[in-house]
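Structure assessment
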Amino acid sequence: MSKPVVLAAAAAAVAYYLYKNKKEDEPEEVVRVSHAEALEKTTAALKAVGWDDEGARVQASIMVSSEACGNNQGLVKMFKPELMAPAPGAGKPVVERETASSAVIRGNQSPGMLALTKAVDLACAKSKGGVASVGVYDTSTSSGQLAFYGARAAEKGRIVIITANSPEFVAAKAGAKASFGTNPLCFACPVEGRSPFVFDMSTAAIALFGVLTCKAKGQPLPQQSAYDANGNWTRKVEDIHIGGGGGAIANFGGHKGTGLALMVELLCAALAGGAVLGQDVKKTAKNWGHHVIAIDPDAMADGFAGRAASIIKTVAASHAEGVRLPGDSSNAIAAKNKNAGAIPVPKRIWDVITATAAKA
């Protein structure tokens, strides 16, 4: 039986939930922190563990943004700040290959958050007046919430499709060996009169962070989200690789989910340069791949954002009780926190951040 796998990027969250389990009779104490203070202290904490100004600022902005909209990949990563330190020998992401409308960025074992931010900004710049494709490889961790990058591009007036692959945790069908990562994809675009439309999904039945949360909290996995070693449905984390078993996470939507996961794999590995199935073992290669396609809608159509608004409004109003669209929940949480002027953060996590920041 294989050893349990916990990725460094999520290990802090596991530690925090284990801590919470020991304190389950005590209500979780929450502090309310302004966005500016959260960004300032988190940036300082990251500098204290070895990041330069830019690396600390970029990663802090992503984690604080995730926290502000209620995403589970936010400031919980700072519960064990040493796990957020630069990898030994890591360098900065650099453009390795480039044309007028494309580029490949080598991450040099930098975190996915840094490399993908660079890729999205470059794709937006290169796509002015057309379309651009930018790949990323040789990153040491995941990039976190893809919706952050999608919104970043859409706010620059771009339509964007972002994909990311990861180690072998997901089976193409019941009883198959794990081949895919949870392989998320994100589509985003500008919309007239409102915040950008952002659709961010995992192509697996459950995101890796969700599995790790179940593991740490001692909770069962959702129904029909994973297989045991014999290809039977299971709700036990210990039956799948992350928990030490021989099973795998299930894909999303049967053969259609497999098709989406395969699309992500082809873009992020075969094209962008991430670890390649059949040639590399992704779990040990430490080579996460990302791919960004950016489109300048003004190059193709007049009034795209207005048309997009009409389509989204019509779909949302197509039921008497309304239709929940991708991003609605996180947008509502972000708006509520913005109106309140503060983000709720578990006190235990905030205490770690402020204590670490004081060492900067």
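Here's what I pulled together on the structure shown here.

**A closer look at the overall build of the protein**
Regarding its fold elements, the protein presents eleven helices and 13 strands. Taking 360 residues into account, the globule formula puts the C-alpha radius of gyration at 21 Å, and the protein, at 20 Å, falls close to it. Expressed as lengths along the three principal axes of its C-alpha atoms, the size of the protein is roughly 55 × 55 × 45 Å. Per-residue burial over the protein gives 48% buried out of 360 residues. Accessible surface, the protein: about 16900 Å² in total, of which carbon and sulfur atoms supply 54%. Of note, the protein has its 38 positive side-chain charges centred 2 Å away from the centre of its 31 negative side-chain charges.

**Here's the deal with the side chain of Thr117**
Relative to the elements of secondary structure, Thr117 occurs in helix H4 (residues 112–126). The exposure class of Thr117 is buried, given its relative accessible area of 5%. Here Thr117 is in contact with Val58, Ile62, Tyr149 and Arg152, once residues within four sequence places are set aside.

**Describing empty space enclosed by the protein**
By the definition in use, this model includes one cavity of 30 Å³ or more. Approximately 40 Å³ is the volume found for the largest cavity. Lining the largest cavity are Asn165, Ser166, Pro167, Ala275, Lys282, Asn287 and Trp288. For the lining of the largest cavity, the residue count by class is three nonpolar, three polar and one charged.

**Some points on the pairing of strand S2 (residues 94–98)**
Where S2 lies against strand S3 (residues 102–110), four bridges are found, and the strand directions are antiparallel. Paired with Val94 across the two strands is Arg106, which belongs to S3. Taking the residues between adjacent antiparallel strands as the criterion, S2 and S3 are bridged by three residues.

**As for the sheet that holds strand S9 (residues 197–201)**
Ordered by their spatial adjacency, seven strands build an open sheet running S2-S3-S4-S12-S5-S8-S9, and the pairing between neighbours is mixed. What marks the edges here is a single partner per strand, and that holds for S2 and S9. Across the sheet, the axes of successive neighbouring strands diverge by a mean angle of 15 degrees, strand direction being ignored. Pairing geometry for strand S4 (residues 131–139) and strand S12 (residues 288–295), over seven bridges, is antiparallel.

**Quick word on the packing of aromatic side chains**
Pairs of aromatic rings are described using the distance from one ring centre to the other and the angle between the two planes. Per the counting criterion, the structure on display carries three aromatic pairs. Ring plane angle 55 degrees and centroid distance 6.3 Å describe the contact between Phe187 and Phe197, whose orientation is recorded as tilted. In this pair, Phe187 sits in strand S8 (residues 185–189) while Phe197 sits in strand S9, placing the two residues ten residues apart along the sequence. We classify Phe187 as partly exposed; its relative accessible area is 28%. Lys283 extends its terminal NZ or CZ atom over the ring of Phe169, reaching a point 5.3 Å from the ring centre.

**Section: the environment of Val191**
You can see Val191 is positioned in the loop between S8 and S9. Judged by its relative accessible area of 7%, Val191 falls in the buried class. With near-sequence residues (within four places) excluded, Val191 lies in contact with Pro196, Phe197, Ala305, Ala308, Ala309 and Ile312.

**Some details on unusual backbone geometry**
Residue Gln109 is not a glycine yet carries a positive backbone phi of 65 degrees. Here Gln109 lies in strand S3. Although it is not a glycine, Lys286 adopts a positive phi angle of roughly 50 degrees. Mapped onto the fold, Lys286 is located in the loop between helix H8 (282–285) and S12. On the basis of relative accessibility, which here comes to 52%, the residue Lys286 falls in the exposed class.

**Things to note about the side chain of Thr43**
Residue placement: Thr43 occurs in helix H2 (residues 35–48). The exposure class assigned to Thr43 is buried, which follows from its relative accessible area of 15%. Ignoring any residue separated from it by four or fewer positions in sequence, one finds Thr43 in contact with Ala56, Arg57 and Ala60.

What counts, and where the lines are drawn
Residues numbered from 1 in each chain as written. Predicted model: local features only at pLDDT ≥ 70, side-chain atom pairs only at ≥ 80, totals over all residues. Heavy atoms only, no water. Helix = DSSP H or I, 4+ residues; strand = E, 2+ residues; numbered from the N terminus. Rg over C-alpha atoms; globule rule 2.2 N^0.38 Å. Buried < 20%, exposed > 50% of the residue type's maximum accessible area, 1.4 Å probe, protein only. Areas by Shrake-Rupley, 256 points an atom, 1.4 Å probe, with all protein chains shown as cover. Lys, Arg positive; Asp, Glu negative; His and termini not counted. Charge placed at Lys NZ, Arg CZ, Asp CG, Glu CD. Contact = heavy atoms within 4.5 Å. 1 Å grid on protein atoms, 1.4 Å probe; cavity = no way out; pocket = protein on both sides within 12 Å on 5 of 7 lines; lining within 4 Å. Points joined across faces, edges and corners; volume = space filled by probe spheres on them. Nonpolar A, V, L, I, M, F, W, Y, C, P; charged D, E, K, R; others polar. Pairing = 2+ DSSP bridges. Axes fitted to C-alpha atoms, helices over the stretch in contact; angles between N-to-C directions. Phe/Tyr/Trp six-rings, centres within 6.5 Å; stacked < 30°, edge-to-face > 60°. Lys NZ or Arg CZ within 6 Å of the ring centre and 35° of its normal.

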